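# Residue-level structural notes
Okay, here's what each chain looks like letter by letter:
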Amino acid sequence: MTSGAASLEGTGSFVRRRPPVAVRRKRLLIAIANHSLLIATALIFLLPFVFIVLTSLMTSHQALSPKLWPDPFAWHNYVDVFTKAPLWRYALNTLIYGGLATLGLLVSSIPVAYALARLRWRGSHVAFLITLVAMMLPPQVTIVPVYVLFAKLHLVGSLWPLILPNWFGDAFSIFLLRQFFLTIPEEYLDAARVDGCGEFRILTTVVLRMAKPAIAAVALFSFLFCFNDFFGPLLYTGESSQHWTLSLGLAQFRSLYQVQWNLVMAATVIVMTPVIVLFFLAQRAFVEGVTLTGVKG
Amino acid sequence: MSPWIVGFTVFFGYPLVTTAYLSFTHYDLLSSPHWVGLANYRYLFTTDQTVWPAVRNTLWFIAIAVPLQVFFALGISIMLSRARRGVGVFRTIFYLPALAPPVAATLGFVYLLNPATGPVNTILGKLGIEGPLWFDSPQWAKPSLTLLALWGIGNTMIIFLAAVLDVPRHLYESAELDGAGYFSRLWYVTLPTISPVILFAVVIGVIEGLQYFTQAYVAASVAGGSASYSAESANSLGYPEDSTLFYPVLLYQQGFRYFNMGYASAMAMLLLAVAFGLTFLIVRNSRRFVHYQAPGR
């Protein structure tokens, strides 16, 4: 997997015959046009972030005026937000949901993906097709009976209906991991088999080590999905606010504080920040993971 | 394999069959399902006045927002692939909005596009343009959601960028020898080579379009709440005038607000049929446009 920057450096490194002046001038003009367009588009992409942050620093009166620059800077908004809504409670719920769901998803999906990628068994082809179908299906199609099931188990109003399904495998993660496991050369596995490894030990020693980037990407996606999930928490915890996650709490925040856009935007910034920090910490896993979904698909 | 089979049965196979069964019943979760034959479907197709607006809204989104997203992501990735400096920085800027949690991004956009005091209309006003009512106008609510969707094309962009950079150089060089200019190289070399990735993005876009829920729900409840000052955000689903009442939103309303579980199941079955139908149509008709490279390049 070559990332954008790396392969561009690669093309610049070998020496070429210098093209004639007219061609060079034209290329320079195209490069300038291309860069100006890129910079303009990039600024437009950044502006929403800028306005959201600026508004989060305004006084509530000023946020309702057409002024764009905070005057004075109301840093205390970020303190006030925590007193207006139990953000720590929401964050804790989000961590419980994301952590337990991701753990379960990895434990259950990795063996299935390995079985689909590397073992020949009756029906493995059918099982893979079913995985694909499950991945394509809108979740709304099966949501009614699943909700009824959790309602009968008296789990509606807790985080369990969000966590439990992940402990039984997730189609998208199985698909992604299978695609990656297929790229591991069979020789490694055969060598381990010759040494007397059982399939389970091969999985835990050889495959897991070689598939670290893919597993990291799957874990990251799973956690992000939980962090961003709105439909699930709304459905199962909508009525019990002590189990709200950050996404759900943020959506409700607005209806509690109608016109205080400054506080709403401060809460928005607080919810966005962890994801963006996570991105900068794990940028490589992100980009490789996203690329893996597309190119191998 | 066994946890997967159990999970599969409990969270996929069983619900699918049960959804089909429930769609022929009247069920409100409190009393046991009561067989009503085709009554739900008859109501769905002939009587219910809100179904067709919801279907139209969802199809609007798939027909307009999804192609725009693909087109934008492609344009940005092609510009990025030609950039000589700062590729990493640009790539991060275009990717960041995709990371913003959907609820947070939607709140941000409802504020940015606030008709009276939002920064966008303020700036438009300074330029002498009277901005539209955006999320408060039945005509502009879906275009506003489209803008939000275009802001978050980061994932697609990264996939396209990897594909564009993967196009073999010798193809460009031979096209150049044949006298192809910049645009004909783009049209005859780049696009055909990456067409499988474009197809993938379109299929994913359509599937996500069919599930479009969070942004519509949050935008309607936030913008609707700010106009009418109603405390109960659920009453504002589809605000304004059902223009953001997408099919999954209606399904949620029927199933989990009114607890018409049987009727919601019938809606889910229709969604299932449409999801499969659309995916099948796209993949089948794509053979004419999509160019697959010989395996083992």
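Position numbers for residues start from 1 in each chain and track the written sequence from start to end. Each chain is given a letter, starting from A, and each ligand a number, starting from 1, according to the order in which they appear as written. Given that the model is predicted, a residue must reach a pLDDT of at least 70 before its local features are reported, and side-chain atom pairs must reach 80 or more before they are shown or counted; all residues, however, enter totals for whole chains, interfaces and linings.

### As for the overall build of chain A
Per the convention used, a helix needs a DSSP run of H or I reaching at least four residues, while a strand needs a run of E reaching at least two, with both numbered from the N terminus. What chain A contains, in helices and strands, is 16 helices and zero strands. Contacts are defined on C-beta atoms placed from the backbone: any two residues whose C-beta positions lie within 7 Å are in contact. For chain A, long-range pairs separated by at least 24 residues make up 77% of all intrachain contacts whose partners lie at least 6 apart in sequence.

### A short note on the overall build of chain B
Counting its secondary structure elements, chain B contains 13 helices and two strands. Considered along the principal axes of its C-alpha atoms, chain B spans approximately 75 × 55 × 35 Å.

### Overview of unusual backbone geometry
The phi torsion at His-154 of chain A lies on the positive side, around 60°, for a residue other than glycine. With respect to the helices and strands, the residue His-154 of chain A is situated in the loop between helix H7 (140–152) and helix H8 (160–163). A tally of 9 C-beta atoms within 10 Å means that His-154 of chain A is categorised as exposed. Even without being a glycine, Phe-259 of chain B presents a positive backbone phi close to 55°. Looking at the element boundaries, Phe-259 of chain B is found in the loop between helix H12 (247–257) and helix H13 (261–286). Labels follow a simple rule on C-beta atoms placed from the backbone: if 20 or more others lie within 10 Å of a residue's own, it is buried; if 12 or fewer, it is exposed; otherwise it is partly exposed. Judged by local crowding, Phe-259 of chain B falls into the partly exposed class, with 14 C-beta atoms found within 10 Å.

### Considering the domain arrangement of chain A
Residues and elements named next belong to chain A. Examined at the domain level, chain A breaks down into domain 1 (18–79) and domain 2 (84–295). An automatic or database domain assignment is the source of the domain bounds shown. Of note, the centres of domain 1 and domain 2, computed from C-alpha atoms alone, are 33 Å apart. Residue-level contacts link twelve residues of domain 1 with nine residues of domain 2. Mapped onto the side of domain 1 that touches domain 2, the elements with two or more residues apiece are helix H2 (21–56), helix H3 (60–63) and helix H4 (77–84).

### A short note on the interface of chain B and chain A
With 79 residues of chain B at the contact, the number on the chain A side is 68 residues. If one sorts the elements of the side of chain B that touches chain A by residue count, helix H1 (residues 2–22) of chain B sits on top with 13 residues. Nonpolar residues are Ala, Val, Leu, Ile, Met, Phe, Trp, Tyr, Cys and Pro. Charged residues are Asp, Glu, Lys and Arg, and all others, Gly as well, are polar. Residue classes in the side of chain B that touches chain A are distributed as 59 nonpolar, 17 polar and three charged.

### Observations regarding the nonpolar core
Nonpolar core, as used here: buried Ala, Val, Leu, Ile, Met, Phe, Trp, Tyr and Cys residues forming one set through C-beta atoms within 7 Å. In this structure, Ala-267 of chain A together with Phe-160 of chain B are the most contacted members of the largest nonpolar core, which totals 160 residues. Residues lining this core come from more than one domain, with at least three contributed by each of domain 1 (18–79) and domain 2 (84–295) of chain A. Not counting residues up to four positions away in its chain, the partners in contact with Phe-160 of chain B are Ala-73, Leu-74, Ser-77, Ile-194 and Val-197 of chain B.

### Topic: H7 of chain A
All names here are of chain A. Here H7 contains 13 residues, and its C-alpha end-to-end distance of 19 Å stays within 8% of the 18 Å for a straight helix at 1.5 Å per residue. Within H7, the full set of buried residues consists of Gln-140, Val-141, Thr-142, Ile-143, Val-144, Pro-145, Val-146, Tyr-147 and Phe-150. At the C-terminal side of H7, His-154 shows a positive phi close to 60°. The span you would expect from a helix comes to 1.5 Å times its residue count less one.

### Describing the confidence of the model for chain A
Residues and elements named next belong to chain A. Looking at chain A as a whole, its pLDDT mean stands at 82, while 90% of the residues score no less than 70. One confidence number per residue, pLDDT, is output by the predictor and ranges from 0 to 100. Ranking the elements of chain A by mean pLDDT puts helix H1 (residues 4–13) last, at 44, and H8 first, at 92. For residues 1–13, every residue scores under 50 in pLDDT, and the model assigns this stretch 14 contacts once sequence neighbours within four places are set aside.

### Concerning the packing of helix H2 (residues 39–47) of chain B against H13 of chain B
Any two packed helices are characterised by how steeply their axes cross, that is the angle between the axes, and by the distance between the axes. All names here are of chain B. Where H2 contacts H13, the two axes come as close as 9 Å, and the packing angle between them is 65°. It follows that H2 is roughly perpendicular to H13 by the angle criterion. Seen along the crossing, H2 lies across H13 with a hand that is right-handed. Within the contact between the two elements, H2 uses Asn-40, Tyr-41, Tyr-43 and Leu-44 and H13 uses Gly-262, Tyr-263, Ala-266, Met-267 and Leu-270. Under this scheme, a helix contributes an axis fitted over its contacting stretch, all axes are lines through C-alpha atoms, and angles between N-to-C directions fall in the 0 to 180 degree range. Each angle receives one of four descriptions, namely roughly parallel if under 35 degrees, roughly antiparallel if over 145, roughly perpendicular if within 65 to 115, and oblique otherwise. We call a crossing left-handed when the near helix sits turned anticlockwise from the far one by less than a right angle, and right-handed when that turn is clockwise.

### Describing the confidence of the model for chain B
All names here are of chain B. In this model, chain B carries an average pLDDT of 84, and 91% of its residues clear a pLDDT of 70 or more. When mean pLDDT is taken per element in chain B, helix H7 (residues 141–151) scores highest with 93 and H1 scores lowest with 75. Confidence drops under pLDDT 50 across residues 226–233; counting only partners more than four residues distant or on other chains, this segment forms ten contacts. For this predicted complex, the interface score ipTM comes out at 0.84, while the overall pTM is 0.85.

### Here we look at the packing of helix H3 (residues 51–82) of chain B against helix H8 (residues 154–165) of chain B
Residues and elements named next belong to chain B. Between H3 and H8, the shortest axis-to-axis distance is 8 Å and the interhelical angle comes to 50°. One element, H3, and the other, H8, form an angle in the oblique class. Both H3 and H8 take part in a crossing whose hand is right-handed. Two secondary-structure elements touch here, H3 through Gln-69, Val-70, Ala-73, Leu-74, Ile-76, Ser-77, Ile-78, Leu-80 and Ser-81 and H8 through Thr-156, Met-157, Phe-160, Leu-161, Val-164 and Leu-165. Along the lines of polarity and charge, the residues of the contact of H3 with H8 split into eleven nonpolar, four polar and no charged.

### Quick word on the environment of Val-271 of chain A
By the element assignment, Val-271 of chain A lies in helix H15 (residues 261–281). Separated by 43 residues in the primary sequence, Val-271 of chain A and Asn-228 of chain A place their C-alpha atoms 9.6 Å from one another.

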